[in-house]
Amino acid sequence: VQMINFELDQWEGRSLAETGLYSYLPQLTSLVGDGTVFIVFYNPRCSHCHELFEKHFAGHLDATVIAIEIPPAPGATLVESDEPTDITCPECQRLTLPTTHAWGVTPPAVVRVESGIVRCASEANALTGKNCIGVTTPVQSPSR
């Protein structure tokens, strides 16, 4: 099974097209517009992922939020989980990475894209470390 490592820390300042993400999720091109877009990589079995969505994305959203599920690696054995099977984000666009690869991204990971350019990318510590969301609920986009 091929491992794909996105290396999010190297995405900042690059166009989203340059990151290679579109080659795995071509439908993203029609979802990412000119404004602010948050791309959130998550695993439904991850308690920190559920906490992030409940804290920042459960209400009305003024920015586009694309929730991308990270599937388990092919053949992986999953342990029992007490987490709900779905995240709380009624206004999110939802995508899932292909199940044909193992994905080297540690959830929750948040990528803030502004006018097609990655301005912030934070992996694993999206709740306690580098804050790419930058605001508390609800997510606000800049006024036009």
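Below is a short write-up of the structure. (Residues numbered from 1 in each chain as written. Predicted model: local features only at pLDDT ≥ 70, side-chain atom pairs only at ≥ 80, totals over all residues. Heavy atoms only, no water.)

1. Regarding the overall build of the protein chain
So, point 1. Looking only at helices and strands, the protein chain has three helices and seven strands in total.
So, point 2. Counting only carbon and sulfur atoms, one obtains 47% of the accessible surface of the protein chain, whose full area is about 7400 Å². (Helix = DSSP H or I, 4+ residues; strand = E, 2+ residues; numbered from the N terminus. Areas by Shrake-Rupley, 256 points an atom, 1.4 Å probe, with all protein chains shown as cover.)

2. A look at the pairing of strand 3 (residues 64-69)
So, point 1. The pairing of strand 2 (residues 36-42) with strand 3 spans six bridges and is classified as parallel. Among the inter-strand pairings, Val37 is bridged to a residue of strand 3, identified as Thr64.
So, point 2. For the segment spanning strand 2, helix 3 (residues 47-56) and strand 3, crossover handedness is right-handed.
So, point 3. One ladder, built from four bridges, connects strand 3 with strand 4 (residues 93-96); its direction is parallel. (Pairing = 2+ DSSP bridges. Right-handed = clockwise from strand over helix to strand, strands pointing away.)

3. Comments concerning the nonpolar core
So, point 1. Among the nonpolar cores identified, the biggest contains 24 residues, and Phe6, Leu21, Ile39, Phe41 and Ile68 are the most heavily contacted of them.
So, point 2. Secondary-structure elements contributing two or more residues to this core are strand 2, strand 3, strand 6 (109-114) and strand 7 (117-122).
So, point 3. In this structure Leu21 touches Phe6, Trp11, Leu16, Leu28, Ile39, Phe41, Ile68 and Leu97, once residues within four positions along its chain are discounted.
So, point 4. Core analysis: the second largest hydrophobic core is formed by 19 residues, Cys46, Leu61, Ile87 and Cys92 among them. (Core = buried A, V, L, I, M, F, W, Y, C linked by side-chain atoms within 4.5 Å. Buried < 20%, exposed > 50% of the residue type's maximum accessible area, 1.4 Å probe, protein only. Contact = heavy atoms within 4.5 Å.)

4. Things to note about the side chain of Arg112
So, point 1. Considering the arrangement of structural elements, one finds Arg112 in strand 6.
So, point 2. A polar atom in the side chain of Arg112 sits 2.8 Å from the side chain of Glu114.
So, point 3. The residues touching Arg112, leaving out its near neighbours within four places in the chain, are Thr36, Val37, Phe38, Ile117, Val118, Arg119, Cys120 and Cys132. (Polar contact = N/O pair within 3.5 Å; in protein donor to acceptor, adjacent residues only side chain to side chain.)

5. Some points on the packing of aromatic side chains
Ring pairs (aromatic) are described by centroid distance and by the angle formed between their planes.
So, point 1. Under the defined criterion, the tally for this structure stands at eight aromatic pairs.
So, point 2. Arranged with centres 5.7 Å apart and planes meeting at 35°, the rings of Phe6 and Phe41 form a pair that is tilted. Within this pair, whereas Phe6 is found in the loop between strand 1 (3-5) and helix 1 (21-24), its partner Phe41 is found in strand 2, the two being separated by 35 residues in sequence. In this structure, Phe6 and Phe41 share a single accessibility class: buried.
So, point 3. Judged by centre distance (5.7 Å) and plane angle (55°), the ring pair of Phe53 and Phe57 falls under tilted. (Phe/Tyr/Trp six-rings, centres within 6.5 Å; stacked < 30°, edge-to-face > 60°.)

6. Some words on the sheet that holds strand 3
So, point 1. The five strands are arranged 4-3-2-6-7 in an open sheet whose pairing can be described as mixed. Each edge of the open sheet is held by one strand with a lone partner, namely strand 4 and strand 7. If you compare each strand with its neighbour and ignore which way they point, the axes differ by 20° on average.
So, point 2. Across the sheet, helix 3 lies against strand 2, strand 3 and strand 6, angled at about 155° from strand 2, the strand it touches most. (Axes fitted to C-alpha atoms, helices over the stretch in contact; angles between N-to-C directions.)

7. Some remarks on the pattern of salt bridges
So, point 1. One pass over the full model with this rule turns up two salt bridges.
So, point 2. Here Arg94 makes a salt bridge to Asp86, at a shortest N to O gap of 2.7 Å.
So, point 3. Classification of Arg94 by relative accessible area gives partly exposed; the value is 36%.
So, point 4. On the basis of relative accessible area, Asp86 is assigned to the partly exposed category, the value being 40%.
So, point 5. Linking Glu114 and Arg112 is a salt bridge whose minimum nitrogen-to-oxygen distance equals 2.8 Å.
So, point 6. Classification of Arg112 by relative accessible area gives buried; the value is 19%. (Salt bridge = Lys/Arg side-chain N within 4 Å of Asp/Glu carboxyl O.)

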